[in-house]
Amino acid sequence: MIDEKMRAATRQGDISLEALSLQHEVEQFYYREALLLDRHEFNDWFDLLDEDIRYFMPIRTNRTRREQKKLEYTKDNEFAHFDDDLTMMRGRQRKLMSDVGWSENPASRTRHIVGNVLIEEELSASELSVVSSFIVYRNRLERQVDIFAGERLDVLRRAENELGFKIAKRTIHIDQSTILSNNLSLFF
Amino acid sequence: MTVEKTKTRLNIGADPREFQKRPSWTNEDILALLDEEDGTLDPRIYTDEDLYRLEQERVFGRAWILLGHETHVPKPGDFLTTYMGEDPVILVRQKDKSLRVFLNQCPHRGMRICRTDGGNAKSFTCSYHGWAYDLGGNLINVPYESEAFCSDFNKSEWGPTHARVETYKGLVFANWDKNAPTLLEYLSDATYYMDHMLDRTPAGTEVIGGMQKWVIPCNWKFAAEQFCSDMYHAGTVSHLSGIEAGLPEGMELSDTKIPTVGYQFRAKWGGHGTGFYVGEPGMMLAIMGPKVTEYWTDSEAANRAEKHLGSAERARQLMVQHMTVFPTCSFLPGINTVRTWQPRGPHETEIWAFTVVDADAPEEVKEEYRRQTLRTFSAGGVFEQDDGENWVEIQSVLRGHQARKRRFNIQMGKGRSGVGNKDFPGSIGYVYNEEAARGLYRQWIRMMTEPSWETLGP
Ligand code: FES
Ligand SMILES: [Fe+2]
């Protein structure tokens, strides 16, 4: 484990070699993760979700500035676009890989662009909290096009896999209140 | 032509005089769109711009439209902005706990009065020139009124247009038409079947916070019809992968038993319809998981529901019930997703969905309802994803001239429904059926062709 390196990297303005190399490592993780999704290597992508994953996308709403802080995002006990544990995500995986999963058979073409990657905090010796931005383009069947943008707040956990991390928690703040698409059959 | 000065806030729904004026679709043309006897439907009902415009006036201007649940706006000043057809409205809880609904349009120069999804307010101030309205939708302040306005300006005449608002067991509906029947009359004999979700306990239901909204490029009638009448797609191929997603690990799709026993109901008036399986819980298990299924079929709450509804069959045996209250209120008792299909032109629909639970259900059951409905019936739902796929493709095929010329088959169960089932009142047939769909389109055609509630009413 590279505890020292992780500690160093989260210090703002730290340009030590340790910090730069951790930043590089985290970015590489996101690029490779995106590639798995965009190349439809879904089984490998689902394997990146850790046992205790919470895959969560609250609903965003339009509020007055006065009420925005309190009310913009739906809360934990309210409705959401996604709020899945690993069992639920494994179910989604079965649907996605199914011959009769019509919403992704034929499959969508997607492109996940991940940027603005900031290692925010070292939560423990093996966990990082990381903020990033994404743009996801989807083209489906003859001419359907959807573009989604948003922010991901991840907890990445050190893992003995090729990519070096697993996703322990992913909160997705999508930049739409009404989802301008016929479904969310893709992953962010 | 005399133009009535309608600065007052009363609304008359569809104007009977308008029924004679439009040349593009005569009553005869509209009546021919559905042939109940042959069982055919003209698909232009889903695509035609003129029909869509008429529909806004004649259907959405006169029908009871679902706005939400009472517990969306529990406290005085709580409000929710939503739509009746394409017309934006504000639903507001009053200081005396009653509800008001008014057009979200400032009668000064037409600005949207409120531009947020909801919250709590003391009043609403138009962001254009500052006209202010109280919670009841009365105009209470006009900047520079005495300096700038005129002798015949009367604030009491210039509030936004109001709608009637009534509730049925927690669900809030509104209607523009002062001549329309009451909500209870309008719901007709469908209330018996609505109660399976809304009236299982004296505590009633409450909403799980949050309204999910998404856009499907298809006509609203595909969605309304499916929830009204189409168990067929669920029992055949549409949702097989949704079922797969809900199987316990290690279990195969081929191990699951799709139910075969069930009924469909067509309301005697009003275009409402519902269908359900009886007995076999396999599909409910795949949708809602064991915890909710047990709560529904075999728990203290189920015992209480049995007493409250007066029958074990109604309380615990009905599975995966689907239902539409004409035109755009749909829900699934047991799964408890509730939605309004908001029309956005002939080719587009917004879905506004929420979940209700028994108000006195244990916290962990409420939580499980939340998790399972968002997993299955939502934009990302493993069931609902595939509905969107079907409707979008139908709508897209209907761009074709030949495609629009070919009448659809709507024959299933023709002549096979009837009154007399010992457990289920009203007109009842087999669960795989299009009788309720024929009922929905019949009501649509009646509202599109009959100017007066005297003939149209229940
Ligand atoms: S449009 Fe509302 S105050 Fe002028
Ligand atoms: Fe469906």
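These figures come from a predicted structure and were not determined experimentally. (Residues numbered from 1 in each chain as written. Chains lettered and ligands numbered in written order. Predicted model: local features only at pLDDT ≥ 70, side-chain atom pairs only at ≥ 80, totals over all residues. Heavy atoms only, no water.)

### Quick notes on helix 3 (residues 49-58) of chain B
Residues and elements named next belong to chain B. Operational definition: Note on classification: 1.4 Å probe, protein chains only; a residue is buried when its accessible area is under 20% of the maximum for its type, exposed when over 50%, partly exposed between these limits. Strands are runs of DSSP state E lasting at least two residues, helices are runs of H or I lasting at least four, and both sets are numbered from the N terminus onward. Within 3.5 Å is the distance limit for a polar contact, defined as a pair of N or O atoms, with the added protein rule that one can donate a hydrogen and the other accept it, and that residues adjacent in sequence qualify only through two side-chain atoms.
Buried residues dominate helix 3, accounting for seven of its 10 residues. Leu51, Tyr52, Leu54, Glu55, Gln56, Glu57 and Arg58 are the residues of helix 3 that are buried. By the N-cap criterion, in which a side-chain oxygen at the helix start approaches the backbone nitrogen of a residue two or three places on, helix 3 is capped by aspartate 48, the distance to aspartate 50 being 2.9 Å.

### A word on the sheet that holds strand 6 (residues 99-103) of chain B
Backbone-to-backbone hydrogen bonds join strands into a sheet, with any given pair of strands oriented parallel or antiparallel. Residue and element names in this part refer to chain B. The line we're drawing: Two strands pair if DSSP finds at least two bridges between them. All axes are obtained by fitting lines to C-alpha atoms, using only the stretch in contact for helices, and the reported angles, taken between N-to-C directions, cover 0 to 180 degrees.
The strand order 3-12-11-6-5-4-7 describes an open sheet built from seven strands, whose pairing is antiparallel. The open sheet has two free edges, formed respectively by strand 3 (65-69) and strand 7 (118-120), since each of these has just one partner strand. The sheet shows a mean angle of 30° between the axes of neighbouring strands, taken without regard to direction. Strand direction decides the pairing type here: strand 4 (residues 78-84) and strand 7, joined by three bridges, are antiparallel. Bridge pairing in strand 7 places aspartate 78 opposite asparagine 120.

### What to know about the packing of aromatic side chains
Heads up, the rule is: Whether two aromatic rings pair depends on their centres lying within 6.5 Å, for rings of Phe, Tyr and Trp, where Trp uses its six-membered ring; planes under 30 degrees apart make the pair stacked, over 60 edge-to-face, and the rest tilted. Each ring is checked for a lysine NZ or an arginine CZ that lies within 6 Å of its centre and within 35 degrees of its normal; such an atom marks a charge sitting over the ring.
Per the stated rule, a full pass over the model turns up 33 aromatic pairs over all chains. Considering the side-chain rings of phenylalanine 60 of chain B and tryptophan 220 of chain B, the 5.2 Å spacing of their centres and the 80° angle between planes classify their relative orientation as edge-to-face. Of this pair, phenylalanine 60 of chain B sits in the loop between helix 3 and strand 3 while tryptophan 220 of chain B sits in helix 7 (residues 220-229); the two residues are 160 residues apart in sequence, bridging distant segments of the chain. Tryptophan 220 of chain B shares its class with phenylalanine 60 of chain B; the two are buried. Grouping aromatic residues by their ring pairs yields a cluster made of Tyr192, Tyr193, Tyr263, Phe265, Phe276 and Phe424 of chain B. The cationic tip of arginine 54 of chain A hangs over the ring face of phenylalanine 56 of chain A; the distance from NZ or CZ to the ring centre is 3.9 Å.

### Observations regarding the domain arrangement of chain B
Residue and element names in this part refer to chain B. Stated precisely, the cut-off is as follows: Segmentation of the chain into domains, including their bounds, is taken from an automatic or database domain assignment. When two components associate, each loses some accessible surface as probed by a 1.4 Å sphere; the sum of these losses over both components is called the buried area. Each reported salt bridge corresponds to a side-chain nitrogen of Lys or Arg within 4 Å of a carboxyl oxygen of Asp or Glu.
Each domain of chain B was delimited in the assignment, giving domain 1 (65-168) and domain 2 (189-456). One C-alpha centre belongs to domain 1, the other to domain 2, and the line joining them spans 33 Å. When domain 1 packs against domain 2, close to 1,400 Å² is buried across both sides, 62% of that on carbon and sulfur atoms. In terms of surface lost to domain 2, no three residues of domain 1 exceed Leu66, His69 and Tyr168, which account for 42% of the buried area on that side. At the boundary of domain 1 with domain 2, the tally comes to one salt bridge. Counting across the interface, domain 1 meets domain 2 through seven residue pairs in polar contact (both at pLDDT 80 or more). Residue assignment for the side of domain 1 that touches domain 2 shows that the elements contributing at least two residues are strand 3 and strand 4.

### Some words on helix 5 (residues 86-97) of chain A
Cut-off, in case you're wondering: Multiply 1.5 Å by the residue count of a helix minus one, and that product is the helix's expected span. Every residue pair with non-hydrogen atoms within 4.5 Å of one another is taken to be in contact.
The first and last C-alpha atoms of helix 5 of chain A sit 16 Å apart over 12 residues, in line with the 16 Å expected at 1.5 Å per residue. Here helix 5 of chain A lies mainly inside the structure; nine of its 12 residues are buried. As for helix 5 of chain A, its buried residues are in contact with helix 3 (42-46), strand 1 (49-58) and strand 2 (80-84) of chain A together with helix 9 (240-246), helix 13 (363-376) and helix 14 (384-397) of chain B. Between the side-chain oxygen of the N-cap and the backbone nitrogen of threonine 87 of chain A there are 3.2 Å, and the N-cap of helix 5 of chain A in question is aspartate 85 of chain A.

### Some remarks on a nonpolar patch on the surface
Condition: To count toward a patch, a residue needs a relative accessible area over 30% and no salt bridge; like charges are then connected within 9 Å, while nonpolar side chains (Val, Leu, Ile, Met, Phe, Trp, Tyr) are connected within 5 Å. Using a 1.4 Å probe, the Shrake-Rupley method yields the accessible areas, and only the shown protein chains count as cover for residues.
Residues Ile113, Ile135, Tyr137, Val145 and Ile147 of chain A make up a contiguous nonpolar surface patch of about 470 Å² in total accessible area. Position of tyrosine 137 of chain A relative to the elements: it lies in strand 4 (residues 127-140).

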